Amino acid sequence: MKAQIEVATHTRAEMIDVTQNLTALVKQSRIQEGFCYIWNPHTTAALTVNENADPDVTRDILAGLERFVPRNGDYRHAEGNSAAHIKASLFGPSLQIMIEDARLVLGTWQGVYFCEFDGPRRRRLQVRIVPLPE
Amino acid sequence: MKAQIEVATHTRAEMIDVTQNLTALVKQSRIQEGFCYIWNPHTTAALTVNENADPDVTRDILAGLERFVPRNGDYRHAEGNSAAHIKASLFGPSLQIMIEDARLVLGTWQGVYFCEFDGPRRRRLQVRIVPLPE
Amino acid sequence: MKAQIEVATHTRAEMIDVTQNLTALVKQSRIQEGFCYIWNPHTTAALTVNENADPDVTRDILAGLERFVPRNGDYRHAEGNSAAHIKASLFGPSLQIMIEDARLVLGTWQGVYFCEFDGPRRRRLQVRIVPLPE
């Protein structure tokens, strides 16, 4: 099954929990055992998995990244968003999550986040849900 | 094939080589060609691949991370382990490794590491070994 | 389908666009729907996806990494390339990219990069192109 998730971001750096979107797609797919694969096609954004209980965690992650990958630095790229490109490569463009008994296999505190590093923008994630081979 | 690897960590930050555990599971699966997929369900730990010859390499990786993601900083998360959450997202929650001729395809110096960033704790990794589709 | 990509690097730190190599292999595989999986077997190199339009982006990524993972630091590993090992774990050893309609699914500005962090060297990437299960 192929699907897309549309995300609108509202600030420059932001982590948006897309776990519920993925859960709904997995349910819709009716796939019992397989993998949920997510691709971020943007070069100044990324995907990650982290705690979704205390909102201070994502705040601290973004602040921590900003400290060692500052927005302004010895950069040459004329668009002025080199820090966002660096952060994108640090977190990575894709995730693959197991599906068992028709559910995403995530740890108790894990949520899936789309990470905006150069917003606000409209973004689109690619999702593919694939059953295990027989 | 589904399996779990239990890991007990003994210090706050630690890289534990789980290559042998995976090798044993691949052998047990009798799968000749496929993928070995590993998921870390914890938000203050991660998985990575790096050199397993000189133990100074993992020592230097942990020390290097600590330098630019210090334990104490401008963090708000009350549990005091925000640095561990940041490191978890930098290294990532999962790995997928090819299986060819019933063996993991790793480079000469590569080992698979569970990375504890907020220990000591008891941790559990999810492993799934999947054959290639016919 | 199994294949390899040989890469010769010419400086210590370098990002080499291998998108065309992958595109050619996907075409050669004649697989319409599936995944292209790439593994880097070296512990001082990595794979990433980032912008391939303005060459200043990769220059800035390498310079940014060098700033917070400096070549010389409090390292013990005798080979003197601990910074390269750290960078390798930050970017990661593998990528998996969707194939749809016999093409890699990449964003408009996305290219696939082999990242050399301890060159110059000769490197070899493992590629496997797998169809979706029926």
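Residues numbered from 1 in each chain as written. Chains lettered and ligands numbered in written order. Predicted model: local features only at pLDDT ≥ 70, side-chain atom pairs only at ≥ 80, totals over all residues. Heavy atoms only, no water.

**A short note on the sheet that holds strand 5 (residues 94–100) of chain A**
Residues and elements named next belong to chain A.
- Across the sheet, which stays open at both edges, the five strands sit in the order 1-8-3-5-6 with antiparallel pairing between neighbours. Two strands close off the open sheet at either side, each with one partner strand: strand 1 (2–8) and strand 6 (103–104).
- Against the sheet, helix 1 (residues 19–29) engages strand 1, strand 3 (34–39), strand 5, strand 6 and strand 8 (122–131), with an angle of about 35° to strand 8. (Pairing = 2+ DSSP bridges. Helix = DSSP H or I, 4+ residues; strand = E, 2+ residues; numbered from the N terminus. Contact = heavy atoms within 4.5 Å. Axes fitted to C-alpha atoms, helices over the stretch in contact; angles between N-to-C directions.)

**Notes on the confidence of the model for chain A**
- Of all residues in chain A, 100% attain a pLDDT of 70 or more, and the chain-wide mean is 97.
- This prediction of the complex comes with two scores: 0.98 for pTM and 0.97 for ipTM. (pLDDT = per-residue confidence, 0-100.)

**Considering the interface of chain C and chain B**
- Counting residues at the interface gives 31 residues for chain C, matched by 32 residues for chain B.
- Taken together, the two surfaces of chain C and chain B that pack against each other cover about 2600 Å², and 57% of this comes from carbon and sulfur.
- Three residues, Trp39(C), Ser89(C) and Arg128(C), lead the burial of chain C against chain B; their summed loss comes to 24% of the area buried on that side.
- The interface formed by chain C and chain B includes five salt bridges.
- Salt-bridge contacts for Glu100(B) lead to Arg128(C); the nearest nitrogen and oxygen are separated by 3.1 Å.
- On the surface where chain C and chain B come into contact, there are 19 residue pairs in polar contact (both at pLDDT 80 or more).
- Going through the elements one at a time, strand 3 (34–39), helix 2 (55–68), helix 3 (82–91), strand 5 (94–100) and strand 8 (122–131) of chain C are the ones with two or more residues in the side of chain C that touches chain B.
- Per-element tally for the side of chain C that touches chain B: the top contributor is helix 3 of chain C, with six residues. (Buried area = accessible area lost by both parts, 1.4 Å probe. Salt bridge = Lys/Arg side-chain N within 4 Å of Asp/Glu carboxyl O. Polar contact = N/O pair within 3.5 Å; in protein donor to acceptor, adjacent residues only side chain to side chain.)

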